[in-house]
Amino acid sequence: MILVIGATGHVGAEVVKALAARGLAVRAMTRRPEGVRFPEGVEVVRGDCEDAESLREAFEGVRKAFLMTGQVTGSENLHTRAQVRAAKEAGVGYLVKLSVAKGGEDSHPKVAAWHREDERAVTGSGIDHTMLRPGRFMSNTLHWKHMLRRGDEVTVAFAKKRTAPIAPEDIAAVAVKALTEGGLANRTLELSGPEAITPQQELDIVAKILNRRLTLREPTVEETVDGIVRAGMERELAEAMVEHVLRGDYGAEISDATEKILKRKATTFEQWAEKHFKEEQ
Ligand SMILES: NC(=O)c1ccc[n+]([C@@H]2O[C@H](COP(=O)([O-])OP(=O)(O)OC[C@H]3O[C@@H](n4cnc5c(N)ncnc54)[C@H](OP(=O)(O)O)[C@@H]3O)[C@@H](O)[C@H]2O)c1
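Here we summarise the structure given alongside this text. Values in this document were obtained by computation on a predicted structure and should not be read as measured data.

**A word on the overall build of the protein**
Here comes step 1: The helix and strand inventory of the protein stands at 11 helices and nine strands.
Here comes step 2: Here the C-alpha atoms of the protein give a radius of gyration of 19 Å, agreeing with the 19 Å that 2.2 N^0.38 yields for 281 residues.
Here comes step 3: Across its three principal directions, the C-alpha atoms of the protein cover 55 × 40 × 40 Å.
Here comes step 4: Taking all 281 residues of the protein together, the buried fraction comes to 48%.
Here comes step 5: Long-range contacts, defined as pairs at least 24 residues apart, comprise 75% of the intrachain contacts of the protein with a sequence gap of at least 6.
Here comes step 6: Within the structure as shown, the protein displays about 14000 Å² of accessible surface, and the carbon and sulfur contribution to it stands at 48%.
Here comes step 7: Mean positive and mean negative side-chain charge positions of the protein (41 and 43 charges, respectively) differ by 3 Å.

As structure tokens, this is what we get:
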């Protein structure tokens, strides 16, 4: 049995889909199983990383697991530590952990320290594992859809910053390889998309796909900080993090690991957006 934590998330949902398509026994964990649809044959379990008993039940009989955290960076009570504790108790033999690019080392020192601890819960567990370190997800642009329903303007923070965004489907494909094929044990994989682009370029691509004239508005620094605080981060850290991102040049490096592991080209933003922005029009 393979347990997928964050089974409703951008990467987790794709991991569940891909494992189920291979006919493997999959258990999908979510805090709210009601109303969530998974592929046929997938076992669904209610689990919350804040509830150790629910994690214990979710890990029962599990041999391998995909771990991620939906926690706001900087939160206390690391969910990953709770996940690993439950995995150890259950005798799980292999973990694939969704982390962040460079394990967060390019981030503000406090953010970097949090990610270091998060990864260490897995690397220090004594359980065989694969550490996935993707850069910015292409799916971060999906919230543009709400704005595009209301008009032609999209508000995007860090609009001039280049990143090498990666498709969640590609991250999931690497995770599934690690979980099913071996050869990636105890490796840390820096994963990126195939090109470095700015949010403005991403919006231009979406505009072309939708055949609309779209404009981008960059929020003020205060608005950006307020948005991060609303998502749950403490204000002081949010301010420091935003300043750090605006000052630096991070996240635009292109890694060939995705293509080498998948033995195919990594998905471009245009290919990904064709699928995800066109389907609801
Ligand atoms: N977004 C990016 O650009 C990016 C880049 C690099 C790395 N990452 C990493 O990828 C991860 C996911 O990123 P995302 O923001 O795109 O999230 P997401 O895919 O929207 O996923 C959030 C998931 O977290 C689960 N979750 C939240 N709180 C939980 C809890 N208390 N117990 C159990 N499950 C819980 C949710 O499950 P339910 O609601 O169904 O319970 C949901 O499946 C994060 O760790 C992030 O650091 C993201």
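Past the structure itself, the notes keep going.
**What to know about the sheet that holds strand β4 (residues 64-67)**
Remark on secondary structure: sheet strands pair via backbone hydrogen bonds, oriented parallel or antiparallel.
Here comes step 1: Read from one edge of the open sheet, seven strands run β3-β2-β1-β4-β5-β6-β8, paired in parallel fashion. For this open sheet the edge positions go to β3 (43-46) and β8 (187-191), each flanked by a neighbour on one side alone. When the angles between neighbouring strand axes are averaged without regard to direction, this sheet yields 20°.
Here comes step 2: Pairing of strand β1 (residues 2-4) with β4 involves three bridges; the strand directions are parallel. Across the sheet, the residue bridging to Leu3 is Ala65, located in β4.
Here comes step 3: This element, helix α2 (residues 52-59), spans β1, β2 (26-30), β3 and β4 of the sheet and lies at about 165° to β2.
Here comes step 4: Sitting on the sheet, helix α4 (residues 109-123) touches β4, β5 (94-98) and β6 (128-134), and the angle it makes with β6 is about 155°.

**Regarding the site of the ligand**
Here comes step 1: Close to the ligand lie 23 residues; Thr8, His10, Thr30, Arg31 and Thr69 are nearest.
Here comes step 2: Separating an oxygen atom of the ligand from a backbone N or O atom of His10 is a distance of 2.7 Å.
Here comes step 3: Take Cys49: an N or O atom from its main chain is 2.9 Å from a nitrogen atom of the ligand.
Here comes step 4: Grouping the amino acids of the shell around the ligand by side-chain chemistry returns seven nonpolar, 12 polar and four charged.

**Observations concerning helix α7 (residues 199-210)**
Here comes step 1: A rise of 1.5 Å per residue sets the reference length of α7, with its 12 residues, at 16 Å; its end C-alpha atoms lie 16 Å apart and thus fit the reference within 8%.
Here comes step 2: Inspection of α7 places Pro199, Glu202, Leu203, Ile205, Val206, Ala207, Ile209 and Leu210 among the buried residues, and these make up the whole buried set.
Here comes step 3: Residues of α7 that are buried make contact with α5 (144-150), β7 (153-155), β9 (215-217) and α11 (269-278).
Here comes step 4: A positive phi of about 55° marks Asn211, the residue just after α7.

**A few points about the side chain of His276**
Here comes step 1: Within the secondary structure layout, His276 lies in helix α11.
Here comes step 2: Residue His276 is classed as buried on the basis of its relative accessible area of 13%.
Here comes step 3: For His276, the residues in contact, after removing those within four places along its chain, are Leu142, Lys145 and Glu169.

**A look at the nonpolar core**
For soluble globular proteins, the rule of thumb is that nonpolar side chains tend to be buried together.
Here comes step 1: Val15, Phe66 and Leu132 are the most contacted members of the largest nonpolar core, which has 32 residues in total.
Here comes step 2: Counting residues per element, the ones that place at least two in this core are β1, α1 (10-21), β2, β5, α6 (168-181), β8 and α10 (257-262).
Here comes step 3: Here the element with the most residues in this core is α6; it accounts for seven residues.
Here comes step 4: Grouped together as the second largest cluster of nonpolar side chains are 21 residues, Cys49, Ala58, Ala65 and Ala121 included.

Thresholds applied
- Residues numbered from 1 in each chain as written.
- Predicted model: local features only at pLDDT ≥ 70, side-chain atom pairs only at ≥ 80, totals over all residues.
- Heavy atoms only, no water.
- Helix = DSSP H or I, 4+ residues; strand = E, 2+ residues; numbered from the N terminus.
- Rg over C-alpha atoms; globule rule 2.2 N^0.38 Å.
- Buried < 20%, exposed > 50% of the residue type's maximum accessible area, 1.4 Å probe, protein only.
- Contact = heavy atoms within 4.5 Å.
- Areas by Shrake-Rupley, 256 points an atom, 1.4 Å probe, with all protein chains shown as cover.
- Lys, Arg positive; Asp, Glu negative; His and termini not counted.
- Charge placed at Lys NZ, Arg CZ, Asp CG, Glu CD.
- Pairing = 2+ DSSP bridges.
- Axes fitted to C-alpha atoms, helices over the stretch in contact; angles between N-to-C directions.
- Near = heavy atom within 4 Å.
- Polar contact = N/O pair within 3.5 Å; in protein donor to acceptor, adjacent residues only side chain to side chain.
- Nonpolar A, V, L, I, M, F, W, Y, C, P; charged D, E, K, R; others polar.
- Expected span 1.5 Å × (residues − 1).
- Core = buried A, V, L, I, M, F, W, Y, C linked by side-chain atoms within 4.5 Å.

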